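Listed below are the residues making up each chain.
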Amino acid sequence: MTELDAAVRDHTARYCRIVDHLQSSHRWTSAVFLRLSALPLTSLEPPDAVERLDREAERLKEAGSWWDPLSTSLRFVLAAILVRRELDGKARVSALKETLGLFRSNGLGRSGNSPFIAAFLLVLSSDGEVPREATVQRMARIMELWKRDHRWLTGSDDLPMAALHATRDEPVEDIAVRVESIYRELHRRRYKRGEQLQLASQLLALRPWSGIDAVATLDHVMQAARRAGIRPGRGLYDEASLLALSGEDPEHAVRSVISIRDLLKAARSSRGKRLFGAFTTGEQQMLSIATGLFLVAQTEVLGAMDDASAAAALLAARSALEAQQAAVIVAATTATTAGASAGVH
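Residues numbered from 1 in each chain as written. Predicted model: local features only at pLDDT ≥ 70, side-chain atom pairs only at ≥ 80, totals over all residues. Heavy atoms only, no water.

Asker: Describe helix α7 (residues 133-149), and please don't skip the residues or the numbers.
Answerer: Its 17 residues place the ends of α7 25 Å apart at the C-alpha level, agreeing with the 24 Å of an ideal helix rising 1.5 Å per residue. Listed in full, the buried residues belonging to α7 are Thr135, Val136, Met139, Ala140, Ile142, Met143, Leu145 and Trp146. Those residues of α7 that are buried are in contact with α5 (89-105), α6 (113-125), α8 (159-166), α9 (172-188) and α10 (195-204). (Helix = DSSP H or I, 4+ residues; strand = E, 2+ residues; numbered from the N terminus. Expected span 1.5 Å × (residues − 1). Buried < 20%, exposed > 50% of the residue type's maximum accessible area, 1.4 Å probe, protein only. Contact = heavy atoms within 4.5 Å.)

See below:
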């Protein structure tokens, strides 16, 4: 096992304690949602994190409607991100509704989880306020261009990534060209076509580099994973893309993620049982959680450094963390749609 930085170990230890607290107090809520909710909270001590999360989740439920995502367990994931950003969730619900109104007036769907998540991301990027209509128009144009390139792959589930790209100060045509160039280069390198490859392309394109450079870095991550005994199939394209996007040395990043995964596997609850049971937490989910913990710790360490040379690394790490945040919410809503274990509402 790679020796982890103290900050990464601390975040991992707090994460395990927060998950234990959440699973003890929310026995009827999907463990998947609780694990995802704990990820943004690892800079807080467990009792405070759980108390603040519960309070924010309840505010979201009260401010929402019985039929929207705020009435489901997805609200725990959204509440956790708001707690991390120190934003009042109840005050943000009106901004969410106004943003969804902008979606409709600009030809974007507003019903279902994906538009809701996209609107949430835009509100976050606007410091909790309604985004400018020009940003929504950029998002609509990005979706139009993505559909032009991949008519049968592009759908409402791409709205969250389109929202992230829309907040960047870059011509939308350039964004679409870069996403497509990365997709084509990935396929040329024998990555399998499909939705996972499209998501990887969208993630990698958050950094302003060429398709060749993006894929070369992703290849380094994949090779490091194979050397470490991981078979990074298409189900891990997004995690590998996040590590490539982070700007961290691929070998160090992969070995750190594997070490975090091993710590998670060994973790015990306060009742002495395994915190992440073999039958309830698959290998892919463990690696996804470990990737998130690595990115959170890396961002906080770089942010604390008073060094101009760390600025570029911090920008890359924040970009990866923001993308990971979006991927976490999409994973949560996918679990909702699939009916993953029973949730309490």
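Structure shown, so let's carry the discussion forward.
Asker: Could you give an account of the environment of Ser270, with specific residues and numbers?
Answerer: Here Ser270 lies in the loop between α13 (250-266) and α14 (283-304). The exposed category is assigned to Ser270, whose relative accessible area is 62%. The spatial distance from the C-alpha of Ser270 to the C-alpha of His21 is 8.6 Å, given a sequence separation of 249 residues.

Asker: Any details on the packing of helix α3 (residues 46-63) against α5? Residues and values, ideally.
Answerer: At a minimum axis distance of 8 Å, the contact between α3 and α5 shows a crossing angle of 40°. Here α5 runs oblique to α3, going by the angle between their axes. The interaxial crossing formed by α3 with α5 has right-handed handedness. Contacts between α3 and α5 involve Glu56, Arg59, Leu60, Glu62 and Ala63 from the former and Gly89, Lys90, Val93 and Lys97 from the latter. Class assignment of the residues belonging to the contact of α3 with α5 gives a composition of three nonpolar, one polar and five charged. (Axes fitted to C-alpha atoms, helices over the stretch in contact; angles between N-to-C directions. Parallel < 35°, antiparallel > 145°, perpendicular 65-115°, else oblique. Left-handed = near helix turned anticlockwise from the far one by under 90°. Nonpolar A, V, L, I, M, F, W, Y, C, P; charged D, E, K, R; others polar.)

Asker: Describe helix α1 (residues 6-25), and please don't skip the residues or the numbers.
Answerer: Taking 1.5 Å per residue, 20 residues should reach 28 Å; α1 reaches 29 Å between its end C-alpha atoms and fits that length. Every buried residue belonging to α1 is among Val8, His11, Thr12, Arg14, Tyr15, Cys16, Ile18, Val19, Asp20, Leu22 and Gln23, and all of these are buried. Elements in contact with the buried residues of α1: α2 (31-38), α3, α13 and α14.

Asker: Any chance you could break down the nonpolar core for me, citing the residues and the numbers?
Answerer: Counting residues in each nonpolar core, the largest one holds 115 residues, and the members touching the most others are Tyr15, Phe103, Met139, Leu186, Leu264, Phe276 and Ile329. Once residues lying within four places of it in the same chain are set aside, the contact partners of Ile329 are Leu74, Val77, Leu78, Ile81, Ile117, Phe120 and Leu121. (Core = buried A, V, L, I, M, F, W, Y, C linked by side-chain atoms within 4.5 Å.)

Asker: How would you summarise the pattern of salt bridges if you had to cite specific residues and measurements?
Answerer: By the definition in use, this model includes 22 salt bridges. Residues Glu300 and Arg84 are paired through a salt bridge, measuring 3.6 Å at the closest nitrogen-oxygen approach. Of this pair, Glu300 sits in helix α14 while Arg84 sits in helix α4 (residues 74-85), and the two are 216 residues apart along the sequence. Taking the relative accessible area as the measure of exposure, Arg84 reaches 29% and is therefore partly exposed. Among the ionic pairs, Arg189 bridges to Asp219, the shortest N-O distance being 2.3 Å. Residue Arg189 is located in the loop between α9 and α10, and its partner Asp219 is located in helix α11 (residues 211-227); the two are separated by 30 residues in the primary sequence. By relative accessible area, Arg189 is classed as partly exposed at 30%. Through salt bridges with shared partners, one network takes in Glu185, Arg188, Arg189 and Asp219. (Salt bridge = Lys/Arg side-chain N within 4 Å of Asp/Glu carboxyl O.)

Asker: If you had to explain the packing of aromatic side chains to someone new, which residues and values would you point to?
Answerer: If you walk through the whole model with that rule in mind, you get two aromatic pairs. When the centroid spacing of 5.5 Å and the interplanar angle of 70° are considered together, the rings of Tyr191 and Tyr237 count as edge-to-face. On the criterion of sequence distance, the pair formed by Tyr191 in the loop between α9 and α10 and Tyr237 in helix α12 (residues 237-245) is long-range, its members being 46 residues apart. For the pair formed by Tyr191 and Tyr237, the shared burial category is buried. Positioned over the ring face of Trp152 is Arg151, at 5.5 Å from the centre of the ring. (Phe/Tyr/Trp six-rings, centres within 6.5 Å; stacked < 30°, edge-to-face > 60°. Lys NZ or Arg CZ within 6 Å of the ring centre and 35° of its normal.)

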